[in-house]
Amino acid sequence: MKKRLYASPAAAFLLLLQCLTVQAQDSRQVKEPVVPPVCQWIGAKLNHEQVNAQQGSAPDTQRLQAAIDQCSAGQTVRLTAAGNNRAFLAGALRLKPGVSLLIDGGVTLFASRFPADFDRGTGSCGSNDEKGRGCFPFILMEKSAHAGIYGDGVIDGQGGRKMLGSSESWWELARRAQREDKHQNVPRLIEIQQSEDIAL
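All residue numbers refer to position in the chain's written sequence, counted from 1. With pLDDT at 70 or above as the cut-off, local features in this predicted model cover only qualifying residues; side-chain atom pairs require 80 or more to be listed or tallied, and sums for whole chains, interfaces and linings still use all residues. Excluding hydrogens and water, the side-chain figures rest on all heavy atoms present in the structure.

Engineer: Please clarify how the sheet that holds strand 6 (residues 108-111) should be interpreted in this entry.
Structural biologist: Adjacent strands of a sheet pair through backbone hydrogen bonds, lying either parallel or antiparallel. Two strands pair under a simple rule: DSSP has to find at least two bridges between them. Numbering of helices and strands starts at the N terminus; helices are DSSP runs of H or I of at least 4 residues and strands are runs of E of at least 2. Pairing is parallel across the open sheet formed by 3 strands, whose spatial order is 3-6-10. The open sheet terminates on both sides in strands that have one partner only, identified here as strand 3 (87-90) and strand 10 (154-156). Between one strand and the next, the sheet's axes are offset by a mean angle of 20°, whatever the strand orientation. Taken strand by strand, helix 3 (residues 61-70) contacts strand 3 and strand 6, and its axis lies near 90° from that of strand 3. To obtain an axis, a line is fitted to C-alpha atoms, over the contacting stretch when the element is a helix, and the angle between two such axes runs from 0 to 180 degrees between their N-to-C directions. Contacts: residue pairs with any heavy atoms within 4.5 Å of one another.

Below, the structure is given as structure tokens:
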């Protein structure tokens with residue numbers, strides 16, 4: 001004599017859900033991120049008061065970008081304190097493919113408040129218009145792999161502070177764009193495009 005087993009619709013659904021869950025698990029072997037070898041050590045030349053007193057273009061942009069450009073894939077640029085100086089002030093930075101950034105604890109990488117330091121060449125960064133996207137991001141990683149941004153330091157976009165030459169902050173500009181149904185031209189803090197295996 002054969003017996004048939006019947007399950008309620010709820011029990012059948014739970015059984016199906018368990019089967020799908022088992023099949024949907026990620027089978028990759030994920031390892032703890034490891035900071036790549038240091039290619040360039042860069043000591044801070046500014047303190048927080050000097051950053052707060054910014055008057056013009058960010059002074060650290062060129063030397064940070066030069067250090068990044070000198071590194072090979074699989075290496076990192078390390079930002080360190082130098083005596084009482086624990087701050088860097090930069091405009092748009094582009095990490096080469098495979099190059100990482102390491103910010104030591106107690107060190108802060110500040111984004112410039114000067115819109116021209118991020119402008120894409122149209123003069124629209126720091127304004128609202130019909131298009132948007134007039135600013136380069138603060139940190140761009142593009143077509144990169146096996147890289148990252150590491151450390152116990154801080155990245156401060158200064159979004160709540162007034163832009164130089166303006167009565168608005170980046171955030172206030174963005175809010176006004178919403179009210180006016182326009183697009184904001186503000187830099188994104190970190191933008192990662194067409195990249196894989198990036199650690200933050």
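Engineer: I would appreciate a short explanation of helix 4 (residues 170-180) in the present structure.
Structural biologist: The α-helix winds at 3.6 residues per turn, so residues separated by three or four positions along the chain end up facing the same way. Within the span of helix 4, buried status applies to Trp170, Leu173, Ala174 and Ala177. All buried residues of helix 4 project into a common sector of 100° when viewed along the axis, lining one side. Facing away from the buried side of helix 4 by over 90 degrees, the exposed positions are Trp171, Gln178 and Arg179. Contacts from the buried residues of helix 4 go to strand 7 (128-129) and strand 11 (183-184). Following helix 4 by one or two positions, Asp181 adopts a phi angle in the positive range, close to 55°. Buried residues are those whose accessible area, probed at 1.4 Å on protein chains only, stays under 20% of the maximum for their type, while exposed residues exceed 50% and partly exposed ones sit between those limits. Here the arc refers to the set of directions running from the helix axis out to each C-beta atom.

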